[in-house]
Amino acid sequence: MKEKRIYINGRFLQQVPTGVNRYAYELCKALTILKVNFVIICPKGNLCDSYEVDDFNIIHWGIGHSHFWEQCVLPFFFLQQKGKSILVNFTGIGPVLVKNKIVTIHDLAFMFHPQWYSKTYASFYRILTPLSAKTALKVLTVSNFSKSEIIRMLHIGDRKIEVVYNAVPPCLMEEEPEYSSTENNISDKYVLVVSSIDPRKNFERLLKAFRYLEDTDLHLYIVGGWNAIYTSGSIQNEMDVCENPRIHWLGRVSDEELKSYYRQAACFVYPSLYEGFGIPPIEAMAMNCPAIVSDIPVLREVCGSAAIYVNPYNEKEMAVEIKRLCGDENLKEEMKLRGKKQLENYSWIKSAGKLYSIINSL
C-alpha cells in the first residue's frame, strides 16, 4: 500500500515559541529523529529565528499569512494533490475546507472563560474550532482532562480523540554541572514563575500571596511575555508591583537563561486557574526545581505526586506553602526525586511515535 504523504501546517514557524508552538516544533523534531518523511508547508516570509529548521523539509506556498493563509489559501494546495495525503495541524484549528486532516485542540479555555481573551480571538475560535474538529479525521489533545472537555463541549466521540502528551524540550533535559549564582550574577534567593502574562495564570493572587511572606530576603522572578490575544485583566492595576524591588519582571528569555533561572530558584510556583497540560511544572522538574502548583484536575494528572498543591484562589495558602518549601531542605530533595520519576511519563519521541501510529491507522 502506498505510504501517505504527510504535510504539517507550518504557520507556527513564523511565530515565537510559546507553549503551543513549542509542541509543534518538538514533535516535528522528534518525527525527524524517527526518520518519518514529512513536509512542512508555510506561508511565504521569514521564519522565527528561535527555531532550528535545517533538518526540516519546508516549502513556502501561496499568498497572505496567518489565518487568511490557513483558511483561504492552504486548501488550494491540497486540491492539487494526487494520491493520499494528510495535513497535520499542531497549533489549534486547521483549514476547515481540508477534510483529510488531523487537528490539535490544546484546551477550551476560550469557551469556558471568554473574558480572558480579546473578543475577536474568543469569537473566532468559538466558531471555527467545532467546525475544524468535526471535519477532521482525528483530534489530538494534550491530556485526558482536555479530552473530557472536548467530548463534553464539542460533542465529539471518544474514539475520534487521541491524547498525545507534551514533554520537556531537550535543551532543558541536558545534564550539566550546577550553575553557581555568582557565575550568573544572581545573588537573590527567589521564587520562580514561568508563564505567559495572561489572566488564566492568576498573577494577581500570586502577587498578593507574596506580600504575606515575612521573609524580606525572598524575591519573585517572573519569566514570560504578554500576548495580544489576552485581555489585560486586573494585573494592570497592580502598578505598585513595579516599584517593589523584590519583584522582577524578566520578560521572555533564552533557553540558556531559563535553565539558569530554574536551577537556582528556591522553588517554582504555577498558580494557573486553567490549563490543557502545563509544560513549565515538568520543565522545573527536569531542572531539579521543586514545584508548587494549582490544585486543578489537569495538573494532578500531569504532576502526580511530584508537586505540592495549593488552592489557586487562596493567597494565604500559597504563601504558607511557599514558606514551607523554601525553608525545608528535606522536602525539597524529596520533591526533586519525585519530579525525576514523574518525568519518565513524558517523551517527545514516544509522543511522535504515537502520532505516527495514529496517522498510519487512518
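Since the model is a prediction, treat every value here as computed from it, not as a measurement.

S.K.: Could you clarify how one ought to interpret the packing of aromatic side chains in this entry?
M.R.: Given two aromatic rings, one states the distance between the centres and the angle between the planes to describe the pair. Applying the stated criterion to the full structure yields 24 aromatic pairs. With 5.4 Å between their ring centres and 70° between their planes, F124 and Y125 make a pair best called edge-to-face. Judged by relative accessible area, which is 27%, F124 ranks as partly exposed. Judged by centre distance (5.9 Å) and plane angle (50°), the rings of Y262 and F268 are tilted. Accessibility classification places Y262 together with F268 in one group, the buried group. Within the aromatic cluster, the residues linked to one another by ring pairs are F12, Y25, F38, Y51 and F56. Directly above the aromatic system of Y309 lies the positively charged group of R300, at a separation of 3.8 Å from the ring centroid.

S.K.: Explain the pairing of strand β4 (residues 85-88) to me, please; I cannot follow it from the model alone.
M.R.: Where burial is concerned, the two faces of β4 agree: the one with S85 and L87 and the one with I86 and V88 are both buried. Judged from the four bridges that link them, strand β1 (residues 5-9) and β4 form a sheet pairing that is parallel. By the bridge assignment, R5 is partnered in β4 with S85. Examined bridge by bridge, β4 and strand β5 (residues 101-104) share two bridges and lie parallel to one another. Following the sheet pairing, L87 is matched in β5 by K101.

S.K.: In this structure, what is going on with the sheet that holds strand β2 (residues 39-42)? I would like to understand it.
M.R.: The strands that make up a sheet pair up through hydrogen bonds in the backbone, lying either parallel or antiparallel. Strands sit in the order β3-β2-β1-β4-β5-β6-β7 across an open sheet of seven strands; the sheet is parallel. Both outer strands of the open sheet, β3 (58-60) and β7 (161-163), are each paired with one neighbouring strand and no more. The average undirected angle you get between the axes of adjacent strands in this sheet is 25°. Pairing geometry for strand β6 (residues 138-141) and β7, over three bridges, is parallel. Paired with L140 across the two strands is E162, which belongs to β7. Sitting on the sheet, helix α2 (residues 66-79) is in contact with β1, β2, β3 and β4, with an inclination near 165° to β1.

S.K.: Would you mind going over the side chain of S294 with me for this structure?
M.R.: With respect to the helices and strands, the residue S294 is situated in strand β12 (residues 291-294). Engagement of the side chain of S294 in a polar contact is seen with the backbone oxygen of P271, the distance being 3.0 Å. The residues contacting S294, other than those within four sequence positions of it, are Y270, P271, S272, L299, Y309, V310 and P312.

S.K.: Would you take a moment to explain the layout of surface pockets for this structure?
M.R.: With a probe scaled to a water molecule rolled over the atoms, the places where space remains empty come into view. Its volume calculated, the second largest pocket comes out at about 180 Å³. Forming the walls of the second largest pocket are 14 residues, and the residues nearest its centre are E26, V168, P170, W348 and I349. Sorting the residues of the lining of the second largest pocket by element identifies α1 (19-33) and α12 (348-361) as the ones contributing at least two each. Along the lines of polarity and charge, the residues of the lining of the second largest pocket split into 11 nonpolar, one polar and two charged.

S.K.: I keep staring at the pattern of salt bridges and nothing clicks. Help me out?
M.R.: Note on pairing: side chains with opposite charge can pair once their charged atoms come close. A full pass over the atoms with the stated rule returns 16 salt bridges. For E149, the salt bridge identified is with R152, shortest N-O distance 2.8 Å. Residue E149 and its partner R152 are located together in helix α5 (residues 144-154), separated by three residues, close to a single helical turn. Note on E149: relative accessible area 7%, which makes it buried. Its salt-bridge partner being E344, residue K341 comes within 3.4 Å of it at the nearest N-O pair. Across the pair, E344 and K341 agree in class, each one exposed.

S.K.: So what exactly am I meant to see when it comes to helix α6 (residues 203-212) here?
M.R.: Quick reminder: α-helices carry 3.6 residues per turn. Residues three or four places apart thus point the same way. Where α6 is concerned, the buried positions are F203, E204, L206, L207, A209 and F210. Looking at the buried positions of α6, the neighbouring elements they touch are β8 (189-194), β9 (218-223), β10 (247-251), β11 (267-270) and α10 (315-326).

Rules of the game
Residues numbered from 1 in each chain as written. Predicted model: local features only at pLDDT ≥ 70, side-chain atom pairs only at ≥ 80, totals over all residues. Heavy atoms only, no water. Phe/Tyr/Trp six-rings, centres within 6.5 Å; stacked < 30°, edge-to-face > 60°. Buried < 20%, exposed > 50% of the residue type's maximum accessible area, 1.4 Å probe, protein only. Lys NZ or Arg CZ within 6 Å of the ring centre and 35° of its normal. Helix = DSSP H or I, 4+ residues; strand = E, 2+ residues; numbered from the N terminus. Pairing = 2+ DSSP bridges. Axes fitted to C-alpha atoms, helices over the stretch in contact; angles between N-to-C directions. Contact = heavy atoms within 4.5 Å. Polar contact = N/O pair within 3.5 Å; in protein donor to acceptor, adjacent residues only side chain to side chain. 1 Å grid on protein atoms, 1.4 Å probe; cavity = no way out; pocket = protein on both sides within 12 Å on 5 of 7 lines; lining within 4 Å. Points joined across faces, edges and corners; volume = space filled by probe spheres on them. Nonpolar A, V, L, I, M, F, W, Y, C, P; charged D, E, K, R; others polar. Salt bridge = Lys/Arg side-chain N within 4 Å of Asp/Glu carboxyl O.

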